[in-house]
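The primary structure of each chain is shown beneath.
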Amino acid sequence: MSEVNRSSGVQSSRPEQEKLALGRWTRLVTARPRLALLAALVVTVLAVFAGSGVADRMGSGGWEDPGAESAYATKALEREFPESQPNLLLLVDAGRQSVDGEAVAAEGRRLTELLSAEDDVTVVGSYWQSPSPALRSEEGHEALIVARILGDENAATRTLERIWDTFRGEHGPVEVSIGGPVAVNHEMTTIIQDDLLRAELIALPITLLLLILVFGSVIAALLPLGVGIVAILGTNAVLRGITEFTDVSVFAQNLTTALGLGLAIDYALFIVRRFREELATGAEVRDAVGATLRTAGRTVLFSALTVAVSLAAMLVFPQYFLRSFAYAGIAVVALAAVAALVLLPAALMLLGDRINSLDLRALFRRRRGRAERPGGEGSREARGGWARLADLVMRRAPLFAFTTVTALVLLGLPFLGVKFGTPDYRQLPSSAESHVVQQHIRDGFPGSPDGGIEIFAEAGDSADSAGAGGVSAEQYAAYRDRVAALPAVLRVDGPITSGSAAYFTVQPKGEAVGQGAQSLVHEIRDVPAPFETSVTGRAAVLEDSKAAIAGELPLALAFIVVVTLLLVFLLTGSVLIPLQAVLLNGLSLTAMFGAVVWVFQDGHLSGLLGFTSTGDIEANLPVLMFCVAFGLSMDYGVFLLSRIKEEYDRTHDHEHAIRFGLQRTGGLITAAALILAVVMVAIGTSRITNTKMLGLGLAVAVLMDAMVVRGLLVPSVMKLTGVRTWWAPAPLRRFHERFGLSEGEIPPAPPVAAGTGASDEAAAEAARDAVDTTRT
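Residues numbered from 1 in each chain as written. Predicted model: local features only at pLDDT ≥ 70, side-chain atom pairs only at ≥ 80, totals over all residues. Heavy atoms only, no water.

Q: Explain the overall build of the chain to me, using residue names and the numbers behind them.
A: Helix and strand counts for the chain come out as 24 helices and 13 strands. Burial analysis of the chain (776 residues in total) assigns 56% to the buried set. Relative to all contacts within the chain whose residues are 6 or more apart in sequence, the contacts with residues 24 or more apart total 80%. As displayed, the chain has an accessible area near 30900 Å², and 61% of this comes from carbon and sulfur atoms. (Helix = DSSP H or I, 4+ residues; strand = E, 2+ residues; numbered from the N terminus. Buried < 20%, exposed > 50% of the residue type's maximum accessible area, 1.4 Å probe, protein only. Contact = heavy atoms within 4.5 Å. Areas by Shrake-Rupley, 256 points an atom, 1.4 Å probe, with all protein chains shown as cover.)

Q: Lay out unusual backbone geometry in plain terms, naming residues and giving numbers.
A: With an omega dihedral of 10°, the bond running from G494 to P495 counts as a cis peptide bond. Along the polypeptide, P495 turns up in strand 10 (residues 489-498). A positive phi angle, close to 65°, is found at D120, a residue other than glycine. Locating D120 in the fold gives a position in the loop between helix 4 (102-116) and strand 4 (121-126). Note on D120: relative accessible area 41%, which makes it partly exposed. Positive phi, normally seen in glycine, also occurs at L605, with a value near 70°. Note that L605 resides in the loop between helix 18 (590-601) and helix 19 (606-609).

Q: Describe the sheet that holds strand 9 (residues 453-458), and please don't skip the residues or the numbers.
A: Overall, antiparallel pairing links the 4 strands, which are arranged 10-11-9-12 in an open sheet. One side of each edge strand has no neighbouring strand; the edge strands of this open sheet are strand 10 and strand 12 (532-536). Strand-to-strand, the axes of this sheet are offset by a mean angle of 20°, without reference to chain direction. Bridge count for strand 10 against strand 11 (residues 501-508) is 7 bridges, and the pairing is antiparallel. Bridge pairing in strand 11 places D493 opposite T505. (Pairing = 2+ DSSP bridges. Axes fitted to C-alpha atoms, helices over the stretch in contact; angles between N-to-C directions.)

Q: Describe in detail the environment of T190, supporting the description with residues and values.
A: Tracing the sequence through the fold places T190 in helix 6 (residues 181-215). Residues T190 and V250, 60 residues apart in the sequence, show an inter-C-alpha distance of 9.8 Å.

Q: Tell me about the sheet that holds strand 4, and please be specific about residues and values.
A: One open sheet accounts for 5 strands, arranged 4-5-3-7-6; its pairing is antiparallel. Edge positions in the open sheet fall to strand 4 and strand 6 (169-171), since each of these has one partner strand only. The sheet shows a mean angle of 25° between the axes of neighbouring strands, taken without regard to direction. Here strand 3 (residues 88-93) pairs with strand 5 (residues 142-149) via 6 bridges, running antiparallel. When the bridges of strand 5 are listed, V92 appears paired with A143.

Q: Outline the environment of G444, supporting the account with residue identities and numerical values.
A: The residue G444 is located in helix 13 (residues 433-444) in this model. Separated by 305 residues in the primary sequence, G444 and E139 place their C-alpha atoms 7.4 Å from one another. Residues in contact with G444, not counting those within four places in the same chain, are S137 and E138.

Q: Quick rundown of the environment of V174? Include the residues and the values.
A: By the secondary structure assignment, V174 is in strand 7 (residues 174-179). A relative accessible area of 3% means that V174 is categorised as buried. Along the primary structure V174 and V99 are separated by 75 residues, whereas in three dimensions their C-alpha atoms are 9.2 Å apart. Beyond its immediate sequence surroundings of up to four residues, V174 is in contact with V92, D93, A94, V104, E107, L111 and G169.

Q: Would you mind going over helix 17 (residues 576-588) in detail, with residue names and values included?
A: Since the α-helix advances by 3.6 residues per turn, residues separated by three or four positions end up pointing in the same direction. Over its 13 residues, helix 17 extends 18 Å from the first C-alpha to the last, a length consistent with the 18 Å expected when each residue adds 1.5 Å. Among the residues making up helix 17, those that are buried are I577, P578, Q580, A581, V582, L584, N585, L587 and S588. Against helix 12 (397-412), helix 16 (538-572), helix 18, helix 20 (621-651) and helix 22 (689-721) lie the buried residues of helix 17. (Expected span 1.5 Å × (residues − 1).)

Q: Describe a nonpolar patch on the surface, and please don't skip the residues or the numbers.
A: The grouping of L35, L38, L41, V42, V45, L46, V48 and F49 at the surface amounts to a nonpolar patch, some 790 Å² of accessible area in total. Within the secondary structure, V48 is located in helix 2 (residues 33-50). (Patch = residues over 30% accessible without salt bridge, like charges linked within 9 Å, V, L, I, M, F, W, Y side chains within 5 Å. Salt bridge = Lys/Arg side-chain N within 4 Å of Asp/Glu carboxyl O.)

Q: With reference to specific residues and values, describe the packing of helix 12 against helix 22.
A: Relative to each other, helix 12 and helix 22 sit at 140°, their axes nearing to 8 Å. The orientation of helix 12 with respect to helix 22, classified from their angle, is oblique. Crossing angle aside, the handedness with which helix 12 passes helix 22 is left-handed. Across from A397, P398, F400, A401, T404, V405, L408 and L411 in helix 12, the residues of helix 22 making contact are M704, V708, V709, L712, L713, S716, K719 and L720. Residue composition of the contact of helix 12 with helix 22, grouped by class: 13 nonpolar, 2 polar and 1 charged. (Parallel < 35°, antiparallel > 145°, perpendicular 65-115°, else oblique. Left-handed = near helix turned anticlockwise from the far one by under 90°. Nonpolar A, V, L, I, M, F, W, Y, C, P; charged D, E, K, R; others polar.)

Q: So what about the packing of aromatic side chains? Which residues, and what values?
A: Describing an aromatic ring pair means giving the distance of the ring centres and the angle of the ring planes. Per the stated rule, a full pass over the model turns up 16 aromatic pairs. Judged by centre distance (6.3 Å) and plane angle (25°), the ring pair of F569 and F735 falls under stacked. Placement of the pair is F569 in helix 16 and F735 in helix 23 (residues 730-739), with a sequence separation of 166 residues. Judged by its relative accessible area of 8%, F569 falls in the buried class. Aromatic side chains Y648 and W726 sit 4.5 Å apart centroid to centroid with 10° between the ring planes, which places their arrangement in the stacked category. (Phe/Tyr/Trp six-rings, centres within 6.5 Å; stacked < 30°, edge-to-face > 60°.)

Q: Any chance you could break down helix 3 (residues 69-80) for me, citing the residues and the numbers?
A: Along its 12 residues, helix 3 runs 16 Å from first to last C-alpha, staying within 8% of the 16 Å computed at 1.5 Å per residue. Buried residues of helix 3: S70, A71, A73, A76 and L77, and no others. Where helix 3 is buried, its residues contact strand 9, strand 11, helix 15 (515-525), strand 12 and helix 16.

Q: Tell me about the side chain of E142, and please be specific about residues and values.
A: Inspection of the secondary structure puts E142 in strand 5. For the buried E142, which has no salt bridge, the nearest side chain bearing the opposite charge is R136, at an N-O separation of 11 Å. Side-chain polar atoms of E142 contact the side chain of H440, separated by 2.9 Å. Those residues in contact with E142 that sit more than four places away from it in its chain are L91, V92, D93, V99, L135, R136, S137, H440 and F445. (Lys, Arg positive; Asp, Glu negative; His and termini not counted. Polar contact = N/O pair within 3.5 Å; in protein donor to acceptor, adjacent residues only side chain to side chain.)

Q: Mind laying out the pairing of strand 7, listing which residues take part and the relevant values?
A: Strand direction decides the pairing type here: strand 3 and strand 7, joined by 5 bridges, are antiparallel. Following the sheet pairing, L89 is matched in strand 7 by G179. Across 3 bridges, strand 6 lies against strand 7 in antiparallel orientation. Each bridged residue has a counterpart across the sheet, and for E170 the counterpart in strand 7 is E175. The antiparallel hairpin formed by strand 6 and strand 7 contains 2 residues in its connecting segment, where G172 sits at a positive phi of about 60°.

Shown next as C-alpha cells:
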C-alpha cells in the first residue's frame, strides 16, 4: 500500500498493519452477511423492549447548575420551609360570582381539605383558609389553592397524574384548572412525546421520497432509512439504561430522532453512492464492498468521530440538560456509524446489482442519449454542474470569499443583542392548561407570577449572643433593612423562621428575571450578615447557570478545536486545512445564531410559527446548538475534504482536485443536507418553543453550511491558499505517513490541467475511470 507525499510527490509506504487490518475488517463484514443481518434484527427487537417507556423516566428540567448556591438554597427551602416552594396550583374560577360568596367559599374549603388528604401532598393552603391578597384575583372572581407535591420530578408527575381527574373540571359553582411547575413539566413532557411522534410521521415519508429522487431505486432508498431506525431504537435503549444512573432530559429524544435519521442517511448515502460507483466500473460485488469500505467507510468513521467530539464537549457542563444531549448524541452517532459500516455492507453483499432495482425515475425519465450510469451520478453534463460552479468560484475567488464572509457576518449580527433567560410556562402552547393558569395569575393577580428572590438564612459559626447557633430577631431585622435599602429592591418580606433557619423574599423593581433582578442577586450576595445566607429564585438560578456555562465554555471549545484539528490532520496530512475547517465551520453557524435571536428572542414570525416570545433565549440552548451544528458541519466537511484529498493524492493538481471533489460530492452533500433539514424542520413543528428553536435553527445551519460554505466559501478559500493548502512541516508529514488515514489505495495518475475544455475533460474522465478499475 502506498500514498503519495503531497509536498514532494514521493511515495511512502503505509504500515503493513493497516493493510492487514483493512483486509480483516472487509472479510469480517462480508463473510456471513445473512448472519450479520439476522443478529442486527434480534438486537433491534431487543432494543425496542429495552427502550420502551424511556420518556417516562426522563425529566423536563436540568437547566440549572446542581452545585451552585441557588441549587443549595432551593433544596434547603424545600426541606425547611416547604410552604415557600409550592409546585401545584389550583385556579378556582367562580365565573361571575365572587370568591367570597357562601357557596363558592364552601366549595373552596372542601377542595382544600380534599387535596390535603391526598398522599404525597403537603402544605396545602388556599384563599379560604388564609385570605391573603396574593391568592385572590384583583377582580375577585378567581382564587388559588396552593400545595407542594413531594418527591423528585418523576414522582411528583406520577402523583399529579393520579389526582388530575379528581380536581380538574367543574365542581359545583366553580371550575378548577391545574397549574404550577409540576403541571408545566407534565404537559411539556406529554407534548414533546406527541410532537416527536408527529415529527417522525412527517419526516419519514418525505425522507423516503427524497431518497428515491436521489438514488432512483426504491431498494437503495430504503437502506438509509433502515440504518436510521436501527440507530434510533438502539439509542433509546441506551438512554433507558443511563436513566438508571443519572438524570436525562426528555428533550434529548428530539436529538436522537434528528441525528439518528440525519447521520444514518448521510453515512448510507455516502456508502451506497460509492458502492454503486464501484459496480459501475465492472467490479465484482465483494470487491466493490471492499473498495467502498476502504474509501467511503473510512470517511464515515472520521465523520462519526468529529461529530461525536463536538457532542462530547457538552459533558464538561454541570447541567444535566446539556449532558443529556451528549449521552444521546454520542450513542446515536456511534450506532449510526456501526450500522453503516457493518449492517449496510452486509445488505450490499446480498443485494449486489439489485441495489438498482425498482428504479421509479425510469417511469418519468426520457431516455435520450446514454442512459444514466448505475452509480446514480447521471450524465457527464449533469455531473459537470458542480464542476462549473467550482470553476466559477475559483476564477473569482477573492470576490466569492469576501462576499460570503461578509454576508455570514451580517446574518449573525442580531446575536450581539442576545439576552439570556430561563424557561417557563410560555414554552408551552398558549392553549395548554398550565400555560392558561400561569397567564391568568400573571395578568389578574397581584405580585409577580415568577416569584421574587429568596434568601435562605441559617445560623453559622458567625452567630453571636443569641445562643448556641441561634440568631436574634434584631439581627434578622437589621439584615432585612440592609437588603431593603438596595436601590433595585421594591420590598422585602420576612423573615419566616423555623428553629435556627429563616427565609426572606425580595421583590425586585421591574421584571422578576430581568437584567435588574440579575444584578440584584449579586448585590444581595454581597450584603454582610451575621449568619450564613444563600440566594435563590429564578434570577439567581439564571445567574448561576450563566456562570457555570461561562466557566466551562473555554474547556469545551478547546476540546472541540484541538481534537477536530487532530482528526482533520490525520485525514489530510495538512496543517492549513484543519485550521480552515474549524474557522469556516464556526463561521457557517453565524446565520443560525442570528436567526435564533431575530425570530425567537425578538418575536419576528412568532405568529406564523405559533409560539410566544419571552424576549430572551434560554442560556443552555446556544451551547447545545453550537455543539450539534458544528459537528454536522464537520460531517459535510469531511465528505468534501476526503474526496478532494483523494484526487489530489492521485493527480497533484490542486485546482483539479477542488473541482473534482465538489463535482463528486456537491450533489451528495446537498441531498444529505436537504434530507437532514427536512428532519429538523419536522422537529421544529413542535409546540414547545425550545424544541421549535432547536429544530428550525439547526435546519438553517445545515442548509447554510452545505449550500453556501461548502459550495462557495471552501473552494474560494482553498483556491486563495493554493498548493500551500497541503503543506505540513517534515516532522508532521512523517507523523501522518505513519499514523494518518486516507481514503484508500489510489495509484498516481498524470496531473490534469486546470481549466480543460470539454474534450479534455471527457478524456480525463475516461482516464480516471480506467484507473478506478485497478482499485478492485
